[in-house]
Every structure is written in structure tokens, then in C-alpha cells.
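The lines below spell out each chain.
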Amino acid sequence: MQIITSKEALTLALKNRANIGFVPTMGNLHAGHIHLVSLAKQHADFIVVSIFVNPLQFAASEDLTNYPRTLEADYDKLKVAGVDIVFVPGVTELYPDFDGKNLNQTITVMPSSVADRLCGATRPGHFAGVATVLAKLFNIIQPQVAVFGKKDFQQLFIIKEMVKQLHYPIQIVAAEIVREPNGLAMSSRNGYLSETARTSAHLLSQTLQEIVNAIKDGNVDFGNLENQAAQQLTTQGWIVDYISICAADSLMPATLNDKNLVLLAAAKIDRTRLIDNIEFCAK
């Protein structure tokens, strides 16, 4: 396994490589990330994983400085998983005009208006940061396949739209959510949870499943279901950002005519923001 830090060295290493699979990460890897690598290996012959904590997708109030960095442990996991190249660029490698303080001169990729809803409503600029860094990485690596998890369903939706609109010849493969035994979706942010919060963090996925069950049983008062679920979590000590029943093909609020649905949520427990979702079909 090669560890590469520069664009030039990566381009040289990938010269004449065909059928490249790409898994972008911000490090602090867990079993969910390794599942993405395994899926990439099913669709491609040569696997590149990037580790880059992207400053453009963090707001000033968010945890860029404290985001966990576990490079040596990450390398060990990726080597066992059979990754061919790990690309670990510095900030100036991807953002040449970065002056150590800000990215004001960076030209960004602006996603569709879907980016302003759900997570985008409380994290302005987040998805522009995601789209921008991925556009850069796609241009450098030029993969045939890129794998993303469904845990961040909105991000996956935006990436698919970006690839379509910018005519990238890349197949986007979506990986199912990997969960801990109690149902909690695996996330690097789970490491922020205290022991007490971790024991109750499964309530997010449990609450979402209760909404899905209610809809499948014929309850189509979507607004009431969302409000009741938010209140239920609030009484358990959560700070709810949103719980939203959406059409899976547009991420707009679901109507009674929509059959393919996705239930999305974001909420904080113990000051840690967690996201989750469930895709399902209405009756």
C-alpha cells in the first residue's frame, strides 16, 4: 500500500491504471468506512482512499480543530482491507491559495437548492464545501467508480446530482448504513459521545423506525408524526435539528402521492450532532 501526499506523485502512480475505485474519507476510520472499501473492490480493480479533513465544509462554530485524526490506525485498517493507495494531501495541496487562516479565494462548486434544506439549513456552506473538495479529488484521481455511504443521504443525493450536472464519467455506488448492535449508525462522531450518551444514542434510529412502522400501518399525517417524534426525543434530552419525511427521488417534503420515501433526522445528544435515515416504501 502506497501513502501519497502530493497531486503530482498520485498522478504518476495512477498513470495507465484502469478501473479505479475511489473512497473519500476524513479519516478516523471505522467499520463503516471499511465496508465502503469492500464495496469499491467489488466494482473496481485498483482502490484509492483519500484522508483529508476538509476545512471548507466546517463552519466557524464547528469542530475542525478537534476533529479526530488517527492516521496510523487508519493506515493499518486500510492496509488490511487491501487498499492500493492512500492519498493524504495537506490543505495547500488542494487549496493552493490557503493562507493559513481562510479560504476566501477558493472557487467553490455550488450545489442545487436541495443543499439549503435539512442539514444545509443549519450548516450553511457545508455542502458547497463537500462538492468543491470532491470535484478537486475527482479531477485529480479520475476514478471510474466512487463509493459513498447512505448514512448521509442528503450528501449522497447532492453528489449524484453534481456528477450528473458536471458530466463526470463516474459511477456512484451507494453503500447501505452500517450500524452498531444497538442500531446506532456508525459514525466518526460517535467517538465524541460520553458513555452515558452512547447508551441512549440508539433512540434516534429507534424513533425513526417507529415513524416508518406507523406510516406502513396507514398513518399518513406526516407533520404530526414528525412533531411527535421530535417531542419524544426532546423529552429524552436530545436537541432536535429536524425530522423530515421526504420523497426519496427529490428530498422534498413527501406528499400522499409519493411512494418511495426517506425519513431523515439530525439531532444532538451530549453536544454531539448525529444524523440517520431510513428508506422505505409507503403502502
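Residues numbered from 1 in each chain as written. Predicted model: local features only at pLDDT ≥ 70, side-chain atom pairs only at ≥ 80, totals over all residues. Heavy atoms only, no water.

**Some remarks on the sheet that holds strand 2 (residues 20–25)**
What holds strands together in a sheet is hydrogen bonding between their backbones, with the strands either parallel or antiparallel. Strand order in the open sheet formed by six strands is 1-4-3-2-5-6, and the pairing between neighbours is parallel. If you trace the sheet from one side to the other, it starts and ends with strand 1 (2–4) and strand 6 (171–175), each paired once. Each neighbouring strand pair of the sheet contributes to a mean axis angle of 25 degrees, computed without reference to strand direction. Note: strand 3 (residues 46–51) against strand 4 (residues 85–87), three bridges, orientation parallel. Looking at the pairing, V48 lines up with I85 of strand 4. Against the sheet, helix 2 (residues 31–43) makes contact with strand 2, strand 3, strand 5 (145–149) and strand 6, and its axis sits at roughly 135 degrees relative to strand 6, the strand it touches most. (Pairing = 2+ DSSP bridges. Helix = DSSP H or I, 4+ residues; strand = E, 2+ residues; numbered from the N terminus. Axes fitted to C-alpha atoms, helices over the stretch in contact; angles between N-to-C directions. Contact = heavy atoms within 4.5 Å.)

**As for the layout of surface pockets**
Gaps between atoms show up when a probe of the same size as a water molecule is rolled over them. Estimates place the volume of the largest pocket at around 400 Å³. Forming the boundary of the largest pocket are 18 residues, of which E62, R189, K268, R271 and R273 lie nearest the centre. Taken together, the elements giving at least two residues each to the lining of the largest pocket come down to strand 7 (239–247), strand 8 (260–269) and strand 9 (272–281). Per element, the largest residue contribution to the lining of the largest pocket is three residues, and it comes from strand 7. (1 Å grid on protein atoms, 1.4 Å probe; cavity = no way out; pocket = protein on both sides within 12 Å on 5 of 7 lines; lining within 4 Å. Points joined across faces, edges and corners; volume = space filled by probe spheres on them.)

**A short note on the state of the cysteines**
Counted by the stated rule, this structure contains zero disulfides. Just so you know, C119 is unpaired, no disulfide at all, and the nearest cysteine sulfur is the one on C246, 11 Å from it. Relative accessible area serves as the criterion here: at 0%, C246 is assigned to the buried category. (Disulfide = S-S within 2.5 Å. Buried < 20%, exposed > 50% of the residue type's maximum accessible area, 1.4 Å probe, protein only.)

**Describing the sheet that holds strand 7**
Strand order in this open sheet of three strands is 7-8-9, and the pairing throughout is antiparallel. This sheet does not close on itself; its edge strands, each paired only once, are strand 7 and strand 9. Averaged over all neighbouring strand pairs, the angle between strand axes comes to 10 degrees, with direction disregarded. With eight bridges joining them, strand 7 and strand 8 adopt antiparallel strand pairing. Across the sheet, C246 pairs through a bridge with V262, a residue of strand 8.

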